[in-house]
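Architecture at a glance
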Amino acid sequence: MSWTLDNLDLVAELTLSHIRLSVVPIVLSFVIAVPLGWVANRNPTLRAVTISAGSLLYTIPSLPLFVILPYILGTRVLSEVNVLVALTIYGVAVMVRSAADALASVDKDTRQAATAVGYSSWTRFWRVELPLAGPVLLAGLRVVSVSTIALVSVGAIIGSRNLGYLFLNGRQRNNLEEILIGIVASILIALLFDVILVALGRVLMPWQTTAPLRLLARQPSPPRQRGGASWSSSSAR
Amino acid sequence: MIEFQGVSKVFDDGTRAVDDFTLVLPSHKTTVFVGSSGSGKTTLLRMINRMVDPTGGRILIDGEDIARLDPVRLRRRIGYVLQAAGLLPHRTVVDNIATVPRLNGVPRAQARAAARELLGTVGLEESLAMRYPNQLSGGQQQRVGVARALAADPNVLLMDEPFGAVDPIVRAELQQELNRLQRELGKTIVFVTHDIDEAFLLADQVVILKTGGVVAQVGTPGQILSEPAEDFVASFIGADAGKRQLYLQHRQGDGDVTLVVDGDGRPTGVLAGSPAAPGADPR
C-alpha cells in the first residue's frame, strides 16, 4: 500500500479527470443518439441505415481513432477534445440502437390515445414517448456508462491524463500495486455512475416503481414489491 | 350537431371501410354506432376528430367543415374515451385527467384542482388522485378515461367501445353512470359498440351498420325493435331468434306472479304490479 499512500494526490487527480472525461461523452452520446433513434423509427430503411452505421462505428479500433482524430478535427495531438470525440462516437454507436428500441417500445395504443386527446407530434414526443421510452433508454445508458469509463483509459496512450496513466506507468515500472489501484478506482467510478443512473431513473420515472394493482389484490400471499415502491403495499393482509 | 355528408373511406390497401355515409347526429343526444367488426363503426368515429380523414364527402360540426380545421386543435375540443381507457401510464390520475386543459395552457395547479373535482363527477374517490393507472381496476381506469374526456368541457364526446374490456357487472355500472352523466351534462355523444343491448340502453339514436360501413337502419331503439328494416337488422338485434318477443306467463300458486319470458320461454323479468315481493314466496 506504500505506493498508493505516497501518491494519493496523483490518484485523486487522475480519478477526477477520469470522471470528467467520462461524463461528457456519456451525456453527449445520449443527446445525439435519441434524435438518431427517432429517425431510425421513421421507416425500415432509415432504421437499417442508422443501426448499421452505429455498429460500423463501434468496430473502429480505438487506438487508431485516437491517433487519427487530431488530423480530422484539426486539434492538437494532446488536446482533450480528441478523447471526448472518440468516446462520444463509441457512446453513440452503442446508444443509437438502444434509443431506437426504446422509442419503438412505447405502446402503440398509448401513442394513439395521446394523439386522439390532442397532443401534437412534437409535444407527444417530449411528454409521452420520451418518458415512456425511459426504462429502455436507461438500460442502454448504463451500458454506455460502463463502456465509456473503461475506454477512457486507452486515451492515456495519446497523453490524456486519466486512470489509464496508472496502467501505463505501472507497467513501465513493473508496479502491480499501481495497476491494481487504477483498476479499483475505475470500477468504483463505474459503480458510482451506475448508482447515480439508477437513482435518476427512480426519481424521473416514479411510475416504474409503484406496485401494480394485481400485486396488491393477491391477498393470501405476502405482497411482493418491485424494489423501493413508494406506494407501500403493507396494507395487504 | 355533427353532419356526415356522403362520407366514404377507402384505406390505402383498398379496403372500403365506409361507403357514402350520410347522417345527422343531433346535439345533446347520444348516437350509437353498432355493428360487427369490419362495419366501419370505429372508422366513422375516428373521422369526427380527424384521426382518420375521409377519402370522399365531408363532415361538419355545428356547420363547420372539419377538414379546414387544424386536427390537433379539433381533437382538444372533442372528448375521447377509448377501450381500456388509453390512459398515460406515466401520469398520475389527476395529471391524466388534466391532460387536455394542460395542453390548452391552463396552469398546472388550476388544472389539477379541476381534475380533482371531476373525480367526484365520475364517481371516484379523491384518494385515488395520486395513483398511477396500473394501480387502478379496469372500471376505475375507465372512469378516469371519462373524466379526462370531460376535463376541457367539450360539446362532443367520442366513445370507442369504452366498456368493452371490463367485466359485465362493472360494465352495467358504467353504463348506468354514463346515462346519469348524460342527463346532467347533455353532451353530443357518439358511442361505438358491437353490443346491441348496450346500444339500446344508451342511445337516443341507433345506427346499425353492415360490413363496409353500409347503414342497415337508423332509428330510436323503439323504432328498431318495433320495425326492423330488414332481415339483417332482425337477426342482429336477435328478433329472429325470438329474443325480442316477450310473453307474459302467469304462474299459479306461486304468489300470483306474472313472469315476462322471451320467445324461447326463458324468463327475463317480472311484470310490474304483479305481487312479486321475494319475501312472499311461500317456500
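Calculation notes
Residues numbered from 1 in each chain as written. Chains lettered and ligands numbered in written order. Predicted model: local features only at pLDDT ≥ 70, side-chain atom pairs only at ≥ 80, totals over all residues. Heavy atoms only, no water. UniProt positions renumbered as here; feature names shortened; annotations may be inferred. Salt bridge = Lys/Arg side-chain N within 4 Å of Asp/Glu carboxyl O. Helix = DSSP H or I, 4+ residues; strand = E, 2+ residues; numbered from the N terminus. Buried < 20%, exposed > 50% of the residue type's maximum accessible area, 1.4 Å probe, protein only. Pairing = 2+ DSSP bridges. Axes fitted to C-alpha atoms, helices over the stretch in contact; angles between N-to-C directions. Core = buried A, V, L, I, M, F, W, Y, C linked by side-chain atoms within 4.5 Å. Contact = heavy atoms within 4.5 Å. Buried area = accessible area lost by both parts, 1.4 Å probe. Polar contact = N/O pair within 3.5 Å; in protein donor to acceptor, adjacent residues only side chain to side chain. Nonpolar A, V, L, I, M, F, W, Y, C, P; charged D, E, K, R; others polar.

The name an unreviewed UniProt entry gives chain B is ABC-type quaternary amine transporter, with Microcella pacifica as the organism. Regarding chain B, the UniProt comment filed under Sequence similarities (unreviewed entry) reads as follows: "Belongs to the ABC transporter superfamily."

As annotated in an unreviewed UniProt entry, chain A is ABC transporter permease from Microcella pacifica. Recorded in UniProt under Sequence similarities (unreviewed entry), the annotation for chain A is "Belongs to the binding-protein-dependent transport system permease family."

1. Things to note about the pattern of salt bridges
Tallying each qualifying case throughout the model produces 17 salt bridges over all chains. Between Arg47 of chain A and Asp101 of chain A there is a salt bridge, with the nearest N and O atoms lying 2.7 Å from each other. Remark: Asp101 of chain A occurs in helix α5 (residues 80–104) and Arg47 of chain A occurs in helix α3 (residues 44–59); sequence separation between them is 54 residues. In this structure Arg47 of chain A comes out as partly exposed when scored by relative accessible area, which is 25%. Across the salt bridge formed by Arg112 of chain B and Asp95 of chain B, the nearest N and O atoms sit 2.7 Å from each other. Highlighted residues: Arg112 of chain B in helix α5 (residues 108–121) and Asp95 of chain B in helix α3 (residues 93–97), separated in sequence by 17 residues. A relative accessible area of 29% means that Arg112 of chain B is categorised as partly exposed. For Asp95 of chain B, a relative accessible area of 18% translates into the label buried.

2. With respect to the sheet that holds strand β11 (residues 247–250) of chain B
Residue and element names in this part refer to chain B. The 3 strands lie next to each other as β11-β12-β13, forming an open sheet whose pairing is antiparallel. With one partner strand each, in any of the chains shown, β11 and β13 (267–270) form the two edges of the open sheet. Neighbouring strand axes in the sheet, compared pairwise and without regard to direction, differ in orientation by 35 degrees on average.

3. Comments concerning the nonpolar core
A general trend in soluble globular proteins is that nonpolar side chains are found buried together. Ranked by internal contacts, the top residues of the largest apolar core, which has 44 residues, are Ile97, Met159, Phe191, Ile196, Val206 and Ile208 of chain B. Counting residues per element, this core draws most heavily on helix α6 (residues 138–150) of chain B, which supplies 5 residues. If sequence neighbours within four positions are ignored, Ile97 of chain B has contacts with Ala115, Leu118, Leu119, Val144, Ala147, Arg148 and Ala151 of chain B. Judged by nonpolar contacts, the second largest core, of 41 residues, contains Trp3, Ala114, Leu130 and Leu137 of chain A.

4. Brief notes about helix α1 (residues 41–48) of chain B
Residue and element names in this part refer to chain B. Summarising burial for α1: 7 of the 8 residues are buried, a large majority. Restricting attention to buried positions, one finds in α1 the residues Lys41, Thr43, Leu44, Leu45, Arg46, Met47 and Ile48. Immediately beyond the C-terminal end of α1, within one or two residues, lies Arg50, with a positive phi of roughly 60 degrees.

5. Here we look at the UniProt feature "domain: ABC transporter" (unreviewed entry) in chain B
Residues given the UniProt feature "domain: ABC transporter" (unreviewed entry) here are residues 2–237 of chain B. The span residues 2–237 of chain B shows a helical share of 37% and a strand share of 25%, and its end C-alpha atoms are spaced 26 Å apart.

6. What to know about the interface of chain A and chain B
In this complex, chain A contributes 21 residues to the contact, which on the side of chain B involves 24 residues. When chain A packs against chain B, the two sides together hide about 2100 Å² of surface, and 63% of this comes from carbon and sulfur. Across the chain A-chain B interface, the total number found is 0 salt bridges. For the pair chain A and chain B, the number of links is 4 residue pairs in polar contact (both at pLDDT 80 or more). Looking at the side of chain A that touches chain B, the elements with two or more residues in it are α6 (108–117) and α7 (121–152) of chain A. By residue number, the principal contributor to the side of chain A that touches chain B is α6 of chain A, which donates 7 residues. Across the side of chain A that touches chain B, the residue classes tally to 14 nonpolar, 6 polar and 1 charged.

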